[in-house]
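# Summary of the model geometry
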Amino acid sequence: MKVISLTLAASVMLSGCGLKEAIRKNDDRYAKPGAMDPVIAELFYRVYQFKLLDRYRITHDWVNTSGCQYRASMRPGSTPTELTFFYIGHDIVEKDSKTWLRYPDGLFDFDPWVRSVKWVSREKGKEGEELEVGFKPLCFESWWTSSHYLRLRIQKRSFAEFEGVFSERFPEGKWRSESLNGLSWRVQQVPSNLLRIRRPNGLGGPYQAWLTTLGDSGYVLSIEMGASKESLDHPKAHADIEAVFKHLVSSLKVERLAP
């Protein structure tokens, strides 16, 4: 349902223009690219936590403007009205060479987010073409105006394979090793002068990607920030989003559970 403000309603009557035209103009204001971009100054962080293979407890932050795909529920506060913004996801487990989310009454197929899942296309002109529909991002946020994105992925791959994917797709990236909060990371960074131009959807290409293993579980995690040449025209937004990105990387905790 569309809600029209008293100011808008008054302007309709005074100007004599039609109601449909007024609604269209109001909608167009929000339909402009970038109109719905998250406001950096208003961001805060949610905490996500889940168990992996009953061997690890994984905890990380994510921005409040978008949710992660763990099917998580907010942990209750000390009072009925307290909002903790601490979300507990369902346990991630394996069975029959697949990955699942464990529910009290069964399992939910989690393969599309962490494994390769192929689909044979029926789209006209692409009939029979095998498409990759797996490896979906678990968390994602973007800014059209400044051409940035943030993404978190977890994949069932060897670390060497995962790093190889980044090297193949983004050969302009330079690699280095980092240690942060007890975790060893491989970091790929694209120099500013080699950033790609923005894509038709407004998003940038690769800028920074931090990769690490989740213990010896066989799963690897990446936290990524995308940017484009056009992002450099927005230096404050670029610096602000990079600060958010660094917070997300620093928030990751991988704890071994007691047997």
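Whatever comes next refers back to the structure up there.
Residues numbered from 1 in each chain as written. Predicted model: local features only at pLDDT ≥ 70, side-chain atom pairs only at ≥ 80, totals over all residues. Heavy atoms only, no water.

## Let's talk about the packing of aromatic side chains
Within the structure shown, the criterion is met by ten aromatic pairs. With centroids separated by 4.9 Å and ring planes inclined at 70 degrees, the aromatic side chains of Phe-44 and Phe-85 adopt a geometry described as edge-to-face. In this pair, Phe-44 sits in the loop between α2 (19-31) and β1 (45-52) while Phe-85 sits in strand β4 (residues 83-88), placing the two residues 41 residues apart along the sequence. Given the relative accessible area of 34%, Phe-44 is considered partly exposed. With a centroid separation of 5.3 Å and 85 degrees between ring planes, the pair formed by Phe-162 and Phe-166 is classed as edge-to-face. (Phe/Tyr/Trp six-rings, centres within 6.5 Å; stacked < 30°, edge-to-face > 60°. Helix = DSSP H or I, 4+ residues; strand = E, 2+ residues; numbered from the N terminus. Buried < 20%, exposed > 50% of the residue type's maximum accessible area, 1.4 Å probe, protein only.)

## A closer look at the state of the cysteines
According to the stated counting rule, one finds one disulfide in the structure shown. The disulfide bridge from Cys-68 ends at Cys-139, spanning 2.1 Å between sulfur atoms. Handedness here is read from the sign of the S-S torsion; for Cys-68 and Cys-139, about 115 degrees, the answer is right-handed. Placement of Cys-68 in the loop between β2 (56-63) and β3 (73-76) and of Cys-139 in strand β10 (residues 139-143) is noted, with a sequence separation of 71 residues between them. With respect to class, Cys-68 is no different from Cys-139; both count as buried. (Disulfide = S-S within 2.5 Å.)

## Focus: the nonpolar core
Counting 42 residues, the largest nonpolar core has Leu-52, Trp-62, Tyr-70, Leu-150, Leu-152, Ile-154 and Trp-185 as the members making the most contacts within it. With near-sequence residues (within four places) excluded, Leu-150 lies in contact with Trp-62, Cys-139, Phe-140, Glu-141, Trp-143, Glu-224, Met-225, Ile-241, Val-244, Phe-245 and Leu-248. If you look at the next biggest cluster of nonpolar residues, it comprises six residues, including Phe-162, Phe-166, Phe-170 and Val-220. (Core = buried A, V, L, I, M, F, W, Y, C linked by side-chain atoms within 4.5 Å. Contact = heavy atoms within 4.5 Å.)

## Notes on helix α4 (residues 159-169)
Taken together, the buried positions of α4 are occupied by Phe-162, Glu-163, Val-165 and Phe-166. The arc enclosing the buried residues of α4, seen along the axis, measures out at 150 degrees, which places them on a common side. Summarising the geometry of α4, the exposed residues directed more than 90 degrees from the buried face are Ala-160 and Glu-168. In this structure, the buried residues of α4 make contact with β11 (148-156), β12 (174-180), β13 (183-189), β14 (205-213) and β15 (219-227). (Arc of directions from axis to C-beta.)

## Points about the sheet that holds β14
Strand order in this open sheet of six strands is β10-β11-β15-β14-β13-β12, and the pairing throughout is antiparallel. Each having just a single partner strand, β10 and β12 make up the two edges of the open sheet. For this sheet, the mean inter-axis angle between neighbouring strands, taken without regard to orientation, is 20 degrees. Pairing geometry for β13 and β14, over four bridges, is antiparallel. Bridging across to β14, Arg-186 finds its partner in Leu-211. Contacts between α4 and the sheet are confined to β11, β12, β13, β14 and β15, with β14 contributing the most and set at about 170 degrees to the helix. (Pairing = 2+ DSSP bridges. Axes fitted to C-alpha atoms, helices over the stretch in contact; angles between N-to-C directions.)

Nothing here speaks to function; it is geometry throughout.
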